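Report on the structure
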Amino acid sequence: MARPGSAPRYTFRAASAVITFWVGIAALVVIVGSPVVNRDWSVLGFTLGPSLLLAWVLWIALYRPAVHYDDARVVVVNIGRRHVLPWGHVTNVRQGIGMIFELDASKPVVAYGVPAPRQAGNIASTIDRRTRPAFDLNRDADLLDGVRRSATPSSDPVVSRWEVVPLSIGAVLVVGLIIEVALGL
């Protein structure tokens with residue numbers, strides 16, 4: 001996905017989380033859509049607030065976390081936090097529970113939205129290993145480490161900040177739900 005006038009930007013995101021997000025959203029559409037179709041406005045009023053809050057939770061926990069990168073920097077989006085890491089400050093990229101970006105002057109940044117690939121479990125391990133292709137646990141980290149090594153040096157600072165807008169949306173939804181429950185709507 002390229003931005004106008006800039007180098008291509010790529011994204012790593014856990015496919016299982018994205019699938020779970022869309023399945024959850026589809027279920028919420030059915031939950032909210034059914035009272036609309038049946039014109040049952042009291043049930044719609046009862047389900048709308050919790051459904052919006054649940055959709056926000058699914059979005060911020062499953063869909064939003066990701067690693068975006070281009071030739072100049074990597075942007076790690078975790079739940080409620082965003083880290084902009086110029087490649088010049090990243091000393092190493094490795095896989096752990098999530099993708100780990102080691103920095104030259106501060107503690108490492110873990111990308112929780114990009115989980116480490118897993119080796120085959122007990123069932124798959126019984127399959128003949130000669131017919132199954134080798135599985136590289138560090139594939140994504142090695143790819144990003146190659147991008148890091150070929151990046152042009154930059155003196156831009158590492159920036160870590162709270163995601164105020166997405167967290168504020170969640171706070172408004174929580175307050176709205178509390179008011180709805182308190183008033184018995």
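Residues numbered from 1 in each chain as written. Predicted model: local features only at pLDDT ≥ 70, side-chain atom pairs only at ≥ 80, totals over all residues. Heavy atoms only, no water.

1. Description of the packing of aromatic side chains
Considering all chains together, one arrives at 5 aromatic pairs under this definition. Plain terms: the ring middles of Trp22 and Tyr63 are 6.3 Å apart, the flat faces sit at 75° to each other, and that makes the pair edge-to-face. With Trp22 in helix α1 (residues 15–37) and Tyr63 in helix α2 (residues 41–63), the pair connects residues that are 41 residues apart, well separated along the chain. An aromatic cluster of three or more residues is present, and its members are Tyr10, Phe12 and Tyr69. Above the plane of the ring of Tyr63 lies Arg13, whose end atom (NZ or CZ) is 4.4 Å from the centre. In this arrangement the basic side chain of Arg81 is found over the ring face of Trp162, its NZ or CZ atom lying 4.7 Å from the centre. (Phe/Tyr/Trp six-rings, centres within 6.5 Å; stacked < 30°, edge-to-face > 60°. Helix = DSSP H or I, 4+ residues; strand = E, 2+ residues; numbered from the N terminus. Lys NZ or Arg CZ within 6 Å of the ring centre and 35° of its normal.)

2. Considerations on α1
Helix length check: α1 (23 residues) gives 32 Å between terminal C-alpha atoms against 33 Å at 1.5 Å per residue, within 8%. Turning to α1, its buried residues number three or more, namely Ala17, Phe21, Gly24, Ile25, Leu28, Val32 and Pro35. After α1 finishes, the residue Arg39 shows a positive phi value of roughly 55°. (Expected span 1.5 Å × (residues − 1). Buried < 20%, exposed > 50% of the residue type's maximum accessible area, 1.4 Å probe, protein only.)

3. Some points on the pattern of salt bridges
Per the counting criterion, the structure on display carries 5 salt bridges. The shortest N-O distance in the salt bridge between Asp70 and Arg73 comes to 3.6 Å. The class of Asp70 is buried, set by a relative accessible area of 7%. A salt bridge links Glu163 to Arg161; the shortest N-O distance between them is 3.8 Å. The class of Arg161 is partly exposed, set by a relative accessible area of 41%. (Salt bridge = Lys/Arg side-chain N within 4 Å of Asp/Glu carboxyl O.)

4. Looking at the packing of α1 against α2
Packing of α1 against α2 leaves a shortest axis separation of 9 Å and a crossing angle of 170°. For the element pair α1 / α2, the angle class is roughly antiparallel. Here Ala17, Val18, Thr20, Phe21, Trp22, Gly24, Ile25, Leu28, Ile31, Val32, Pro35 and Val36 of α1 come into contact with α2, specifically with Trp41, Val43, Leu44, Thr47, Leu48, Ser51, Leu54, Ala55, Leu58, Trp59, Leu62 and Tyr63. (Axes fitted to C-alpha atoms, helices over the stretch in contact; angles between N-to-C directions. Parallel < 35°, antiparallel > 145°, perpendicular 65-115°, else oblique. Contact = heavy atoms within 4.5 Å.)

5. Looking at the sheet that holds strand β2 (residues 66–69)
Overall, antiparallel pairing links the 5 strands, which are arranged β1-β2-β3-β4-β8 in an open sheet. Bordering the open sheet on either side are β1 (10–12) and β8 (159–162), each of which pairs with just one other strand. Averaged over neighbouring strand pairs, the angle between their axes works out to 15° when direction is ignored. Bridge analysis of β1 against β2 gives 3 bridges, and the strand direction is antiparallel. When the bridges of β2 are listed, Tyr10 appears paired with Tyr69. (Pairing = 2+ DSSP bridges.)

6. With respect to the nonpolar core
In this structure, Val67, Trp87, Phe101 and Leu144 are the most contacted members of the largest nonpolar core, which totals 18 residues. Secondary structure elements with two or more residues in this core: β2, β3 (73–78), β5 (90–95), β6 (98–103), β7 (109–115) and α4 (139–150). When residues no more than four places from it in sequence are discounted, the contact partners of Leu144 are Phe12, Val67, Tyr69, Trp87, Val93, Met99 and Phe101. Core analysis: the next-biggest nonpolar cluster, separate from the first, contains 5 residues, Trp56, Ile60, Leu173 and Leu177 among them. (Core = buried A, V, L, I, M, F, W, Y, C linked by side-chain atoms within 4.5 Å.)

7. Here we look at the confidence of the model for the protein chain
Mean pLDDT over the protein chain: 81, with 81% of residues reaching 70 or higher. Per-residue pLDDT stays below 50 along residues 122–137; that stretch engages in 13 contacts with residues further than four places along the chain or on separate chains. (pLDDT = per-residue confidence, 0-100.)

8. Comments concerning the pairing of strand β4 (residues 81–86)
Bridge analysis of β3 against β4 gives 6 bridges, and the strand direction is antiparallel. Within the sheet, the bridge partner assigned to Val75 lies in β4 and is Val84. Joining the antiparallel neighbours β3 and β4 is a turn of 2 residues, in which Gly80 adopts a positive phi near 80°.

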